[in-house]
Amino acid sequence: MNEDAPEQATANTGSRARDHLANERTYLAWLRTGISMAALGVAVAKFAPHRGIHAVAAGAIMLLAGLLISGYGTMRYRSVGRQLDLGLYAPARLGLITASTVITLMAIIAVLILI
């Protein structure tokens, strides 16, 4: 999946500074979400009632999900930045759907492990 060479890129005719700042805000939102998920994983592993292997496993899954969110956000930020520098922009359909599906499944698995 190469988001640097978008299939359906459209010309970007907006303000370049505004577009880069919007990209940066979106990146920071990805990072906040990733950090929150990772912190929740640590909290579950550390403070779940009757700590045991289940709490540790669920916490590790949530921590990994947080790291994946941050990693995907970083890749997407860089990809969009390059696109904006070229005067193009293509939405990330497959990458975004894949990332959200994987993260959601990981969260569901973590919850099921805790139950």
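Reading the values: the criteria
- Residues numbered from 1 in each chain as written.
- Predicted model: local features only at pLDDT ≥ 70, side-chain atom pairs only at ≥ 80, totals over all residues.
- Heavy atoms only, no water.
- Helix = DSSP H or I, 4+ residues; strand = E, 2+ residues; numbered from the N terminus.
- Expected span 1.5 Å × (residues − 1).
- Buried < 20%, exposed > 50% of the residue type's maximum accessible area, 1.4 Å probe, protein only.
- Contact = heavy atoms within 4.5 Å.
- Salt bridge = Lys/Arg side-chain N within 4 Å of Asp/Glu carboxyl O.
- Phe/Tyr/Trp six-rings, centres within 6.5 Å; stacked < 30°, edge-to-face > 60°.
- Axes fitted to C-alpha atoms, helices over the stretch in contact; angles between N-to-C directions.
- Parallel < 35°, antiparallel > 145°, perpendicular 65-115°, else oblique.
- Left-handed = near helix turned anticlockwise from the far one by under 90°.
- Nonpolar A, V, L, I, M, F, W, Y, C, P; charged D, E, K, R; others polar.
- pLDDT = per-residue confidence, 0-100.
- Core = buried A, V, L, I, M, F, W, Y, C linked by side-chain atoms within 4.5 Å.

Another point: helix H1 (residues 16-47). Its 32 residues place the ends of H1 46 Å apart at the C-alpha level, agreeing with the 46 Å of an ideal helix rising 1.5 Å per residue. For H1, the set of buried residues is Asp-19, Asn-23, Tyr-27, Gly-34, Met-37, Ala-38, Gly-41 and Val-44. For H1, the elements touching its buried residues are helix H2 (53-85) and helix H3 (93-114).

Right, let's get into the pattern of salt bridges. Applying the stated criterion across every chain yields a total of 2 salt bridges. Note that Asp-85 is salt-bridged to Arg-16, the shortest N-O span being 3.1 Å. Linking Asp-85 in helix H2 with Arg-16 in helix H1, this pair joins segments that are 69 residues apart in sequence. Residue Arg-18 is joined to Asp-19 by a salt bridge in which the shortest nitrogen-to-oxygen separation is 3.8 Å.

Here we come to the packing of aromatic side chains. All chains considered together, the criterion is met by 2 aromatic pairs. Taking the centre distance of 4.6 Å and the plane angle of 20° together, the rings of Tyr-27 and Tyr-77 count as stacked. With Tyr-27 in helix H1 and Tyr-77 in helix H2, this pair connects stretches of sequence that are 50 residues apart. For Tyr-27, a relative accessible area of 18% gives the class buried. With centroids separated by 5.1 Å and ring planes inclined at 65°, the aromatic side chains of Trp-30 and Tyr-72 adopt a geometry described as edge-to-face. One end of the pair, Trp-30, is in helix H1; the other, Tyr-72, is in helix H2, with 42 residues separating them in the sequence.

Between two packed helices, what matters for the description is the angle formed by their axes and the separation of those axes. Contact pair H2 / H3: the axes reach a minimum separation of 8 Å and the direction vectors enclose 165°. The pairing of H2 with H3 is recorded here as roughly antiparallel in orientation. As H2 runs across H3, the sense of the crossing is left-handed. Judged by residue contacts, His-54, Ala-55, Ala-57, Ala-58, Ile-61, Met-62, Leu-64, Ala-65, Leu-68, Ile-69 and Tyr-72 of H2 engage Gly-95, Leu-96, Ala-99, Val-102, Ile-103, Met-106, Ile-109, Ala-110, Ile-113 and Leu-114 from H3. Grouping the constituent residues of the contact of H2 with H3 by class yields 19 nonpolar, 2 polar and no charged.

Attention now goes to the confidence of the model for the protein chain. For the protein chain, mean pLDDT is 87; residues scoring 70 or higher make up 88% of the total. Summarising per-element confidence for the protein chain, the mean pLDDT is lowest in strand S1 (residues 10-11) (66) and highest in H2 (93).

A few words now on the nonpolar core. Residues Met-37, Val-44, Ala-58, Met-62, Ala-65, Ile-69, Ile-103, Met-106 and Ala-110 constitute the largest nonpolar core, which totals 9 residues. Where this core is concerned, the elements lending two or more residues are H1, H2 and H3. At 4 residues, the largest contribution of residues to this core is made by H2.

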